[in-house]
Amino acid sequence: MGFKCGIVGLPNVGKSTLFNALTATAAAEAANYPFCTIEPNVGRVAVPDPRLDRCAEIAKSVKYVPTQLEFVDIAGLVRGASRGEGLGNQFLGHIREVDAIVHVLRCFEDSNITHVENRIDPVADAETVETELLLADLDSVERRIANLQKKAKGGDKESKEALAVLEPVVEALREGRPARSVDLGPGTAERLRPHQLLSAKPILYVCNVEESAAATGNAHSEKVHAKAAAEGARMVVISAAIEAEVAQLESTEDKRDFLDSLGLEETGLARIIRAGYDLLGLVTFFTIGPKEAHAWTITAGTKAPQAAGSIHTDFERGFIAAETIACADFIALGGEAAAKEAGKMRLEGREYVVQDGDIMNFRFNV
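Only a predicted model underlies this, so the values are computations on that prediction, with no experimental measurement involved.

*Asks:* Now, about the packing of aromatic side chains: what can you tell me, with residues and values included?
*Replies:* The tally for this structure, following the rule as stated, stands at 4 aromatic pairs. A centroid spacing of 6.5 Å and a plane angle of 20° characterise the contact between Phe285 and Trp296, whose relative ring orientation is stacked. Within this pair, whereas Phe285 is found in strand 9 (residues 282-288), its partner Trp296 is found in strand 10 (residues 292-299), the two being separated by 11 residues in sequence. Geometrically, the ring pair formed by Phe285 and Phe362 is edge-to-face, given 5.9 Å between the ring centres and 90° between the ring planes. On the criterion of sequence distance, the pair formed by Phe285 in strand 9 and Phe362 in strand 13 (residues 358-364) is long-range, its members being 77 residues apart. The burial state of Phe285 is the same as that of Phe362; both residues are buried. In this structure an aromatic cluster arises from ring pairing among Phe285, Trp296, Phe319 and Phe362.

What follows is the structure, given as structure tokens:
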């Protein structure tokens, strides 16, 4: 199951520096975290998870496979993209293909790096990009509604169902609100998803600050924090310059020392990767054994048979039950045998909703 986060932003905000650091870091750690470049602007990176490392150590697994996310470096947007300005059509097309948006905002002052709008105002930058997404959605939805209304008058059931979704959306768009702000009741995201609305995608704001502000943020990032809080969005503060430097260091010790000297506990990239994972509403379950410790990605709310199917379709088709241990119990007790002896292994059936961190062994019969 692949999940893509599109990295977007105005030109000269540090977007490509961030992407290059992300992929360089992943490539440098290829021994532990598999990395591959699918296209020049697509990188697949591991989601850091200390639980997997510890479980693999306890089980003496020969190899371990982390869960992964794809990051797509999308060409810089300019005002008027919704009307095809610059690489507008290409930009909007690429966003349509991703599951979530990582919006890089310039929160640093540097007279040597020009800003496309000749000002440093990350909130205004965010609004510029969002406006283009809103306008593109509005144009698309208005045209679709006109066609659906004609079919609905003829009694077409699917058209009526689509209108029930799109009419509240177009109202929000006309008021300058993104599609993701619309509440259609339970299952809103699932009802919006088939319509491929750009402004319905979840968003993570990444504030690119100067090196000295990487640990604390600055006045610019505080404004973005307020915007994110008001929207219920997520936000991460990083310094792309620092991330680029970290990516060049070869040893883990050198990276640790460098981060310590800056008052940082971990790289901004690790936070972005985890935030992107959370943004998509994903959870991780594990299969742990002496041959392999493997992390698997599923959406929150997935039941045991469907989780089994993410490994192999036969597992779902012939699902009987799932032997399940909470990761915390596995680690605290020192492995599967001890957890089982302590009564911490459960046998879960078809209706069980998989929890983040479950270690599962599926029983099946085909």
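After that view, the rundown keeps rolling.
*Asks:* Now, about a negative patch on the surface: what can you tell me, with residues and values included?
*Replies:* Judged by side-chain charge, Glu250, Glu253, Asp254 and Asp257 come together as a negatively charged surface patch. By secondary structure assignment, the location of Glu250 is in the loop between helix 8 (240-248) and helix 9 (252-261). Overall, the relative accessible area of 79% leaves Glu250 in the exposed class.

*Asks:* Describe in detail the environment of Leu347, supporting the description with residues and values.
*Replies:* As for its position among the elements, Leu347 is in strand 12 (residues 346-348). When the C-alpha positions of Leu347 and Met360 are compared, they lie 9.6 Å apart, and in sequence the two are 13 residues distant. Apart from the residues within four sequence positions on either side, Leu347 is in contact with Ala321, Ala322, Glu323 and Arg363.

*Asks:* Can you break down unusual backbone geometry residue by residue, with the values?
*Replies:* Of note in this structure, Lys60 is not a glycine but carries a positive phi near 55°. Within the secondary structure, Lys60 sits in the loop between helix 2 (50-59) and strand 4 (63-65). The exposed category is assigned to Lys60, whose relative accessible area is 66%. The phi torsion at Gln196 lies on the positive side, around 50°, for a residue other than glycine. Relative to the assigned elements, Gln196 resides in the loop between helix 6 (188-192) and strand 7 (203-208). The exposure class of Gln196 is partly exposed, given its relative accessible area of 44%.

About the thresholds
Residues numbered from 1 in each chain as written. Predicted model: local features only at pLDDT ≥ 70, side-chain atom pairs only at ≥ 80, totals over all residues. Heavy atoms only, no water. Phe/Tyr/Trp six-rings, centres within 6.5 Å; stacked < 30°, edge-to-face > 60°. Helix = DSSP H or I, 4+ residues; strand = E, 2+ residues; numbered from the N terminus. Buried < 20%, exposed > 50% of the residue type's maximum accessible area, 1.4 Å probe, protein only. Patch = residues over 30% accessible without salt bridge, like charges linked within 9 Å, V, L, I, M, F, W, Y side chains within 5 Å. Areas by Shrake-Rupley, 256 points an atom, 1.4 Å probe, with all protein chains shown as cover. Salt bridge = Lys/Arg side-chain N within 4 Å of Asp/Glu carboxyl O. Lys, Arg positive; Asp, Glu negative; His and termini not counted. Charge placed at Lys NZ, Arg CZ, Asp CG, Glu CD. Contact = heavy atoms within 4.5 Å.

Interpretation note: all reported values are geometric properties and have no functional meaning in isolation.
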